[in-house]
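What the coordinates show
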Amino acid sequence: ETGVTQSPTHLIKTRGQQVTLRCSSQSGHNTVSWYQQALGQGPQFIFQYYREEENGRGNFPPRFSGLQFPNYSSELNVNALELDDSALYLCASSLTPGDGNEQFFGPGTRLTVL
Amino acid sequence: AQSVTQLDSHVSVSEGTPVLLRCNYSSSYSPSLFWYVQHPNKGLQLLLKYTSAATLVKGINGFEAEFKKSETSFHLTKPSAHMSDAAEYFCVVSSGTGGYNKLIFGAGTRLAVHP
């Protein structure tokens, strides 16, 4: 059974650019969530995708957007990058969106914005 | 609204001594609570979860946590620390309203284990 994978592992961008991060969910999981973890802080919920639709969103601006594909893999897109977007971006998958379901995390993509 | 507060940002113990990482939660209904561990340059790993079954929850690597509703606490313990336990630990509450399930993380407790 393959776990959650993310690509790339590291990324350096400049302010104003756009970035796409990718995530493959664990086999059999139809729900993907994205989190942003700034240095020294706990992860913060960006949004969740279930069956190719965004079904929940945290307190992030619209320049953070996503997609989920028929195979349940997902992308996180960030437009007009700002210095504060520098963080570890974590993807997590779960069997369903149900409360209490364990979310399995990938290793993350570290984004640096210069 | 759900939230968690981790009472210690850093905890330092000697190898072989007990570990206590403290967490208080706030929830308007019976919560689902988790402890996750994050080792350097690695993803988050679930240690244990509470979902309104037994109040004493056993997890991996000898960790356990006790749900105390009267104290709104969910402290993580281990009888004997090992060097490999050094990591960042997060107390997490699940917010399942609105048809989706988001995890709300505490700020984390960094555990150092000394020989």
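What you are looking at is a predicted structure, and each value in this text was computed from that prediction instead of being measured.

About the criteria used
- Residues numbered from 1 in each chain as written.
- Chains lettered and ligands numbered in written order.
- Predicted model: local features only at pLDDT ≥ 70, side-chain atom pairs only at ≥ 80, totals over all residues.
- Heavy atoms only, no water.
- 1 Å grid on protein atoms, 1.4 Å probe; cavity = no way out; pocket = protein on both sides within 12 Å on 5 of 7 lines; lining within 4 Å.
- Points joined across faces, edges and corners; volume = space filled by probe spheres on them.
- Nonpolar A, V, L, I, M, F, W, Y, C, P; charged D, E, K, R; others polar.
- Helix = DSSP H or I, 4+ residues; strand = E, 2+ residues; numbered from the N terminus.
- Contact = heavy atoms within 4.5 Å.
- Buried area = accessible area lost by both parts, 1.4 Å probe.
- Polar contact = N/O pair within 3.5 Å; in protein donor to acceptor, adjacent residues only side chain to side chain.
- Disulfide = S-S within 2.5 Å.
- Buried < 20%, exposed > 50% of the residue type's maximum accessible area, 1.4 Å probe, protein only.
- Core = buried A, V, L, I, M, F, W, Y, C linked by side-chain atoms within 4.5 Å.
- Phe/Tyr/Trp six-rings, centres within 6.5 Å; stacked < 30°, edge-to-face > 60°.
- Pairing = 2+ DSSP bridges.
- Axes fitted to C-alpha atoms, helices over the stretch in contact; angles between N-to-C directions.

Before going further, it helps to examine the layout of surface pockets. Computed from the structure, the largest pocket encloses a volume of approximately 530 Å³. If you go around the largest pocket, you meet 23 residues; those closest to its centre are Q37(A), L88(A), R110(A), Q38(B) and N41(B). For the lining of the largest pocket, the residue count by class is seven nonpolar, twelve polar and four charged. Forming the walls of the second largest pocket are 13 residues, and the residues nearest its centre are P43(A), Q44(A), F45(A), F60(A) and I104(B). Among the elements of the structure, β5 (44-50) of chain A together with β11 (102-105) of chain B are those that each provide at least two residues to the lining of the second largest pocket.

This part is about the interface of chain A and chain B. Taken together, the contacts link 24 residues of chain A with 23 residues of chain B. Of the roughly 1700 Å² buried between chain A and chain B on both sides combined, carbon and sulfur atoms contribute 51%. The interface formed by chain A and chain B includes six residue pairs in polar contact (both at pLDDT 80 or more). At the level of elements, β4 (31-37), β5, β6 (53-57) and β9 (87-94) of chain A are the ones that each hand at least two residues to the side of chain A that touches chain B. Partitioned by chemical class, the residues of the side of chain A that touches chain B number eight nonpolar, 13 polar and three charged.

Next up on the list: the state of the cysteines. This model, assessed by the stated rule, comprises two disulfides over all chains. Disulfide pairing is shown between C23(A) and C91(A); the S-S distance is 1.7 Å. Looking along the S-S bond of the C23(A)-C91(A) disulfide, the torsion reads about -55 degrees, which is the left-handed sense. Remark: C91(A) occurs in strand β9 and C23(A) occurs in strand β3 (residues 19-24); sequence separation between them is 68 residues. Assigned by exposure class, C23(A) and C91(A) land together as buried. Note on cysteine connectivity: C23(B) is disulfide-linked to C91(B), with sulfurs 2.0 Å apart. Taking the sign of the S-S torsion, about -65 degrees here, the bridge from C23(B) to C91(B) comes out left-handed.

Residue and element names in this part refer to chain B. Mapped onto the fold, D85 is located in the loop between β9 (73-78) and β10 (87-95). Residue class for D85 comes out buried when judged on its relative accessible area of 5%. Excluding residues within four positions of it along the chain, D85 makes contact with F63, K78, S80, L111 and V113.

The residue E75(A) is located in strand β8 (residues 74-78) in this model. Look at E75(A) and you get buried, because its relative accessible area is 15%.

Residue and element names in this part refer to chain B. Judged by nonpolar contacts, the single largest core of 26 residues is most densely connected at W35, L48, L76 and Y89. If one sorts the elements of this core by residue count, β10 sits on top with four residues. Ignoring anything within four residues of it in the chain, the contact list for L48 reads L33, F34, W35, V57, K58, G59, F63, E64, A65, F74 and L76.

Another point: the packing of aromatic side chains. Within this structure, the stated rule accounts for 14 aromatic pairs over all chains. When the ring of F47(A) is compared with that of Y49(A), the centres are 5.4 Å apart and the planes differ by 90 degrees; the resulting orientation is edge-to-face. There is no split in this pair, since F47(A) and Y49(A) are both buried. Chaining the aromatic ring pairs together yields one cluster made of Y35(A), F45(A), F105(A), F34(B), Y36(B), F90(B) and F105(B).

Residue and element names in this part refer to chain A. Pairing within the open sheet is antiparallel, and its four strands lie in the order β1-β3-β8-β7. Across the chains shown, the open sheet's two edge strands, defined by having one partner strand only, are β1 (5-7) and β7 (64-68). With direction set aside, neighbouring strand axes in the sheet form an average angle of 20 degrees. The sheet contact formed by β3 and β8 spans five bridges and is antiparallel. Bridging from a neighbouring strand, C23 pairs with S74 of β8.

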